[in-house]
Each structure stands twice: as C-alpha cells, then as structure tokens.
Amino acid sequence: MCEQKQTVKSRFAPSPTGFMHIGNLRTALYSWLLAKSLGGDFILRIEDTDQERLVEGAVDVIIDTLKMTGLNYDEGPGVGGEAGPYVQSERKEIYRKYADQLVAQGDAYYCFCSAERLQQLHDENGLGGYDRHCRDLSADEVAERLARGESYVIRQRIPLEGVTKYYDEVFGEIEMENKEMQDQVLLKADGFPTYNFAHVVDDHLMGVTHVVRGSEYLTSTPKYALLYDAFGWQRPHYVHLPLLMGRGEDGKVSKLSKRHGAVSFQELVKNGYLPQAILNYIALLGWCPKGNNQEIFTLEELQQSFSIDAISKSPSIFDYDKLNWFNSEYIKAMSAEDFAAVALPVINETCPSYINAAKLAELLHSRVTTLAEIAAQVDFIAGRLPMEGDLYTNKKNKTTPKLCAQILADIKPVLAETPAWDNDSLFALLKDFAAETGVKSGAVMWAVRVAVARKAVTPGGATELLEVLGRDEALARIEQAIAELNA
RNA sequence: GGCACGUUGGAGAAGCGGCUUAACUCACCAGCCUCUCACGCUGGCAUUCAUGGGUUCGAAUCCCAUACGUGUCACCA
C-alpha cells in the first residue's frame, strides 16, 4: 500500500482589526490559491487573543471581504468545520491545556516578572529581551507563588545552545542560533495565549499543512518549529511571502501602511476600485506566472497557474498607478449595461433629470479610472460652473473670445431650429455650419464646447455634450455665454 | 546594535551558465487618430542586471566579500 497523500490545507488567520489591510488580503489570496491549486481546503480562523484590541464588527469586515473577492473558505466562522471553533477567544481552554503540558515536560516555565521589571530590561532603544530571570525557579517556589495568587505568564524554554533550522518553501533553508531567540511568552497573564503559541496549537489541531504568511515571521518561525518539536507534532510547510512595501513622501520605503495612502480593501472599494481589479493587481505583487506575458487574470486563471516556486523573495512596492491601470481595464471590460448600472445612480444623484444620462454614462465608460471619478467628471453637468480663465482662447483652433462670441451668436438660431438632437446629427450640423461660414470646424466645436461646459477637459466633444445636456439647457448655456462674452 | 532576509530601469517583473545587442506590464516621452480629454494605434525609454573580486572558453544567471535596503528583537499579531 502506498502512503495516503495528505490533503493540503491552508489558512488565513487575521486578527480582527476592523479593516482588511491590502497586505493581509494578498496573504489570504496566496493562501487560498495555494490550497485551491493543489485541490486542498482553505480555512479561516480569527485570531482575537488580544483583548485590548477588540473591535466591534471587525469579523464581519473580514468575512465580507472574502465574500466580495470570491475567496471562499471551507472551514471557519459561519461555515463550521470539524476542528472548530475557529475563533481563538473561544478556544481558551485548549491553549491552557497544551501550555500545561509544555510546563510539565519542561519546555515552558512560569514567569512572575512584573511589567516594570521587564521594562527596565530594555535599552534606550527599546531593544533587548527577557533575561530568563524565572527560567530556573524551583518547583517549590513556583508552587508557593502560584498558591499566593501571584500573577504569572508561561514562557517557552528555548535551548541555550545549538541551532534551529527549518525549510521555507520560498526562502529556502533558514537557520537561527538558539541563543538569539527569546523565551517568548506563550500564555499571558490574562490567561489568553499569544499569537506565538495559539497559532501553532491551532494549525496543528486544524490540520493545516501549509502556513502562508508575511515574511515578517521568517525569523520567529524557528521558535514555532521548536514548539512543534516539543509536542512531537509534524511541522507544517512554511510559505513566507515577501513584504508589501510603500514609498513614503520622504522617498523611504517601508512596510505598507496608512501613511502610504489608502491601504485597506474597503477604503479602496470606497474610492472606486473594483474588487476583482484589486485582487488581480495584488496577485502580481510578489508572484508572477512562469514566462508571464500578460497581466489580466481571473481568479480561476490565477488558480490554474499558481505555484509556490514563482513567488519572489524580494519585497515589492505597492504602486497606485498600476492599480489605476488595472481598474480602468476592468471598467472598460464591463459591458455597457453593467457600467451604466453603477454609473447611473451617481449621475442621477448629482445631475438634473432632464439630461441624457444614458449617453453620459456611455461617454464616461472609457474615461474613468475609478468609479469615484464619475462625480468629478460630471460636475459641469450637475450645475453650471463659473467661468475660469480664458478658455475661449485656443491656439490650435485659433479661437479668441471675440471669434467665439460670433460663432455662438450665429450657431444659436441654427441649434434652436434643428429637428434632431443626437450626436451624429449635431456633428453634421456643426460641420456644415463651419463649411458655410468659412470658419474652421475645430473652432466651432471649441467655442460650443467651452460655452456649454466651461471646462477645459470634458468627457466628450461639443456635440456629445449638447446631446447630453438636451436642447433647452444647451441653448440656455450658450445664451449665457454670449451675454458674458459681450459684457 | 545583534540576528535574518533581500538587491534586474521610476514601479511590478521575465530570465535559472551560451538562443539576451535583458521579454512583458505600468508610469513617462514622442507621433498618429481626433469636436477637448480619454480610448485605440505606432515608436522611444537598462550596452546593462548594487559594487568589487573570483570560477568558467563563456555569468544577470555559480562562489566570496563589501555596500545599501528591509524585517525582527512586546504579556501585538
């Protein structure tokens, strides 16, 4: 009989902070891709062991994000599973039990040091760790202090000598001298476990085969490996991801954070980015399909071409320019109907009802990089803008305020009488008018567009704007423009 | 400061010892298209892969050193 192959199981284990950091989302994506590309399961676990940082509704944010991005999970809050509960605060007793086992084995010990004492151990830079003050307390003393009800934590007893190594699927062999490691806290004074302990216990109990997380854990993983060894558990495959960085205004690069702009998924969505565009973009930050020559991928395509060995080791900088490009590509790829469905509500909310909203949506479709730009682009339709600067003077079309006044005065009656009010007819009409009067057609278009929009850049040309505005409003604006020009 | 990891253009990156006079994408620049802009199209943009040594007939690709960068040293995850 051949050995049965263990099914792959990966997890996403965020702490509920109230928002989904884009770096965490990418971790979730890669973790999901890894499991799914190998036909495995993906689980969601909530790491809420820090009682001081609890945020209401934060778990919903995580679940909603996974739902919106299509990263469905096979086990976790809301869907259940054999290894539940999947919320760490509900597993407190489990950790206690395993911590006790470690103490009994001599792989962990009670520490009664006060916060003040620990504070003093740190140098002026906040560096320096624990001095192992309680590491060798006698059993009697421990029992006595426990009986007295002294506050304590449980610390991991790291070997003083030797080297711990592990193999990372991305970074390869990682070695760490045991003397470099701290006797980290496993169980806190409030009885909750630390991340360092809880995730190890949970990953084992939940059957996680692949631990996918950011490379900030690269150097603490030996301690976790030691924990697996102490329990006699099989160590999981480690897959550390290169960090997502941001470049600050000072030009310095550091871990992507709020100071670099919008970095949470919901913030980006609020700013008009499409979930799939965001996902596509971050998928390519730190990973690249073999021989890549394309950029746009669906989740299914990503899943098909995903492989660990194509994950890069070097950190990558989050680039809003490229995100914008992805987003505009995704917007352009939307059907006219789908785009109208998202654009129309914005248009109807800001613009008067007599305009041709459908036409406006059509004009906007190729001109918008985020959904949030819609409102900004239609401001001149929503209401008449004040005239700013000398828009009537245009070098290329050789227009001057005087010429424009003339053109507008002449064209107004023609526009008032023309039977059809659609772009094609209007365009033909203005062309003919230009030919008849001997004025450059570009000049006519320019004069009309500026009169009607009072904006240098508009989503559409003169006749398109006329169609959107409708005859009455267009004429009214032209009349106002003539009056202003002659004033 | 100790330790760990990284280093291909402004950004993401392909490349895994000869097919590379370093793909592809974003950004940028120029031109075309054109009723402004956008879209679209065309072209340009690293003689060089952090630097210095080596190994080799041959190196961005292997080795070593240096520099620089980032991460980490919490009763936070």
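Because the structure is a prediction, the values reported are computed rather than measured. (Residues numbered from 1 in each chain as written. Chains lettered and ligands numbered in written order. Predicted model: local features only at pLDDT ≥ 70, side-chain atom pairs only at ≥ 80, totals over all residues. Heavy atoms only, no water.)

Some points on the pattern of salt bridges
Applying the stated criterion across every chain yields a total of 30 salt bridges. In this structure, the salt-bridge partner of K36 is D74, at a minimum N-O distance of 2.8 Å. Residue K36 is located in helix α1 (residues 22–37), and its partner D74 is located in the loop between α2 (58–69) and α3 (92–105); the two are separated by 38 residues in the primary sequence. The exposure class assigned to D74 is partly exposed, which follows from its relative accessible area of 32%. With its nearest N and O atoms 3.9 Å apart, the salt bridge here joins R259 to D250. Three or more residues are tied together by salt bridges with common partners; here these are R11, R45, E47, R91, D202 and D203. (Salt bridge = Lys/Arg side-chain N within 4 Å of Asp/Glu carboxyl O. Helix = DSSP H or I, 4+ residues; strand = E, 2+ residues; numbered from the N terminus. Buried < 20%, exposed > 50% of the residue type's maximum accessible area, 1.4 Å probe, protein only.)

Comments concerning the side chain of T27
Tracing the sequence through the fold places T27 in helix α1. Judged by relative accessible area, which is 11%, T27 ranks as buried. In this view, T27 contacts V212, R213 and L241; residues no more than four positions away in its chain are not counted. (Contact = heavy atoms within 4.5 Å.)

What about the pairing of strand β8 (residues 210–214)?
For a regular strand, side chains alternate in direction, first toward one face of the sheet and then toward the other. Counting buried positions along β8 gives five out of five residues, so the element sits mostly inside the fold. Of the pairings in the sheet, the one linking β8 to strand β9 (residues 237–241) comprises five bridges and is parallel in character. Considered in β9, the bridge of V211 is made with Y238. Running through helix α7 (residues 221–231), the crossover from β8 to the neighbouring parallel element β9 is right-handed. (Pairing = 2+ DSSP bridges. Right-handed = clockwise from strand over helix to strand, strands pointing away.)

Thoughts on the sheet that holds strand β4 (residues 153–156)
Pairing within the open sheet is antiparallel, and its three strands lie in the order β3-β4-β7. Looking at which strands have only one partner, the edges of the open sheet turn out to be β3 (108–111) and β7 (185–187). Direction aside, neighbouring strands of the sheet carry axes that sit 45 degrees apart on average. This element, α3, spans β3, β4 and β7 of the sheet and lies at about 105 degrees to β3. (Axes fitted to C-alpha atoms, helices over the stretch in contact; angles between N-to-C directions.)

Here we look at the state of the cysteines
Taken as a whole and judged by the stated rule, the model has zero disulfides. Of all cysteine sulfurs in the structure, the one in C113 sits closest to C111, which takes part in no disulfide; the separation is 3.8 Å. Unpaired in terms of disulfides, C113 finds its nearest cysteine sulfur in C134, a separation of 3.5 Å. Classification of C113 as buried rests on a relative accessible area of 15%. (Disulfide = S-S within 2.5 Å.)

Some details on the packing of aromatic side chains
Considering all chains together, one arrives at 17 aromatic pairs under this definition. Taken together, the ring pairs in this structure connect Y98, F197, Y228, F231 and W233 into an aromatic cluster. Residue placement shows R26 over the ring face of Y30; its charged tip is 5.2 Å from the ring centre. Here R449 stacks its cationic end above the ring of W446, 5.0 Å away from the centre of that ring. (Phe/Tyr/Trp six-rings, centres within 6.5 Å; stacked < 30°, edge-to-face > 60°. Lys NZ or Arg CZ within 6 Å of the ring centre and 35° of its normal.)

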